[in-house]
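# Examining the three-dimensional arrangement
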Amino acid sequence: DRNRPYKYDSYEFELRPLITVSGYPGETGYTSINEVSRVLGSFIDIAKISGNQINLLTKESLFLINEQQNIDQEMINAIKRNEFNLVYQPRVNMRTGNIAGCEALIRWNNQSLGNISPAVFIPRAEATGFIHSITDWVIATAGIANKQMVKKFGDTFTTGVNLSAVNIRSPGLPAKIEAITKEYEITPQCFDFEVTESLLSEDSKVVIDTLTAIRNSGAQTALDDFGTGYSSLSLLTYLPLDYLKIDQAFTQRLDQPESDRDIRIVRAIRDLGYACNLEIIAEGMETQKQVDVLLKDIDVSFGQGYFFGKPMALEAFMDTF
Ligand code: C2E
Ligand code: CA
Ligand code: CA
């Protein structure tokens, strides 16, 4: 009975068989059974990636696995080799037009793989656990950059740092942040840590404890990509948050001819945020029209997007604003 949990010691496991089928010699071109057994590990990876219970080993799936293994392998040395960079995108006070802060976004230029998007390598880093080293590096680098920024933009200027769900689930995170800020003499007040909505479905006690500890250190917290994941409205009322970031999917439709409905939706999100005592940041603003709508018809406090500035290197950021 494969639905019955499997007991080991005091633990209960649920077993779910994953099957990957390979033709032989088949589509992959393998000519010996030895060649097939050498990629047995990939059979498991393919099943995990696809999420399907039954999978077919194809040339394409092997290529994908191979690419992932290259990324995982190259990432191990990326910090040592100085291959990561941060770029900074401005966050603007919509009412005054003044620069209020920025978001730090990671870039990776690898010697053999070239430029790899964070949308590709962050999920791999989460899967391998390398995300912990990446986050430490980002906090230190963004915090050091922020020291220059506050000199020009004032003490209230804050830098947004993205945290993965994996980071938030790690109970050591607040102590780690404290250690890094001490080591580099960074004030924790300079950060707002962004977490995504998908966290709302996680074990809420761990998430609340971690976010509370982060806030007690003086840093702020933001809920990123709001409106795209599983919104649990009740959790929103008691998660320790300072900002709500409305996902760009909403703001980008505001200049379309049929935007009335989107305007009402964004207004409703804004009201929801205000009801929970959160400041609102609208993401992904690209056009004057979107900015006008957000200012006049919706009235949100902060905006971020290509219209105000693309993510740029520290020197360019300091020169441009
Ligand atoms: P995100 O946190 O939602 O970051 C915003 C993304 O939207 C960035 O993409 C930014 O370049 C892009 N963006 C900003 N304004 C506009 C706009 O007006 N129009 C459009 N079309 N796009 C805009 P990017 O830098 O490629 O980052 C992608 C995602 O990778 C981020 O989404 C974030 O989830 C993740 N990421 C980036 N840096 C880090 C990091 O240091 N740590 C972690 N854990 N995740 C990161
Ligand atoms: Ca973000
Ligand atoms: Ca976002």
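Quick summary incoming for the structure in this document. All figures in this text were calculated on a predicted structure; none of them were measured in a lab.

## Some words on the packing of aromatic side chains
- Applying the stated criterion across every chain, the model contains 13 aromatic pairs.
- Residues Trp108 and Phe121 carry aromatic rings whose centres are separated by 5.3 Å and whose planes lie at 80 degrees to one another, so their mutual orientation is edge-to-face. Remark: Phe121 occurs in helix α4 (residues 118-128) and Trp108 occurs in strand β6 (residues 99-110); sequence separation between them is 13 residues.
- You can call Trp108 buried: its relative accessible area is 1%.
- Measuring from ring centre to ring centre gives 5.2 Å for Phe191 and Phe193, while their planes differ by 35 degrees; the resulting arrangement is tilted. In terms of burial, Phe191 and Phe193 fall into one category: buried.
- Among the aromatic residues, those joined into a ring-pair cluster are Tyr88, Phe153, Phe157, Phe317 and Phe321.

## A closer look at the side chain of Asn55
- Locating Asn55 in the fold gives a position in strand β4 (residues 54-56).
- Residue classification places Asn55 among the buried positions, given a relative accessible area of 6%.
- Discounting residues that sit within four places of it in the chain, Asn55 has contacts with Ile19, Thr20, Val21, Ile46, Ala47 and Ser50.

## Let's talk about a nonpolar patch on the surface
- Taken together, the side chains of Tyr6, Tyr8, Tyr11, Phe13 and Leu15 define a hydrophobic patch exposed on the protein surface, amounting to about 580 Å² of accessible area.
- At the level of secondary structure, the elements contributing two or more residues to the nonpolar patch comprise β1 (6-8) and β2 (11-13).
- Relative to the assigned elements, Tyr8 resides in strand β1.

## Some points on the coordination of the calcium ion (ligand 3)
- Coordination sphere of the calcium ion (ligand 3), protein contribution only: Asp224 (OD), Asp225 (OD), Glu283 (OE) and Glu283 (OE), at 2.2 to 2.6 Å.
- Counting along the primary sequence, the residues that act as donors to the calcium ion (ligand 3) give the motif D-D-x57-E.
- In this structure the calcium ion (ligand 2) is found 4.0 Å away from the calcium ion (ligand 3), and Asp224 serves as a bridging donor for the pair. Of the two residues, Asp224 is situated in strand β10 (residues 220-226) and Glu283 in the loop between β12 (279-282) and α12 (288-298); the sequence distance between them amounts to 59 residues. The pair Asp224 / Glu283 is uniform in exposure class, with both members buried.

Parameters and conventions
- Residues numbered from 1 in each chain as written.
- Chains lettered and ligands numbered in written order.
- Predicted model: local features only at pLDDT ≥ 70, side-chain atom pairs only at ≥ 80, totals over all residues.
- Heavy atoms only, no water.
- Phe/Tyr/Trp six-rings, centres within 6.5 Å; stacked < 30°, edge-to-face > 60°.
- Helix = DSSP H or I, 4+ residues; strand = E, 2+ residues; numbered from the N terminus.
- Buried < 20%, exposed > 50% of the residue type's maximum accessible area, 1.4 Å probe, protein only.
- Contact = heavy atoms within 4.5 Å.
- Patch = residues over 30% accessible without salt bridge, like charges linked within 9 Å, V, L, I, M, F, W, Y side chains within 5 Å.
- Areas by Shrake-Rupley, 256 points an atom, 1.4 Å probe, with all protein chains shown as cover.
- Salt bridge = Lys/Arg side-chain N within 4 Å of Asp/Glu carboxyl O.
- Donors = N, O, S within 2.8 Å, 3.2 Å for Na, K, Ca; no water.

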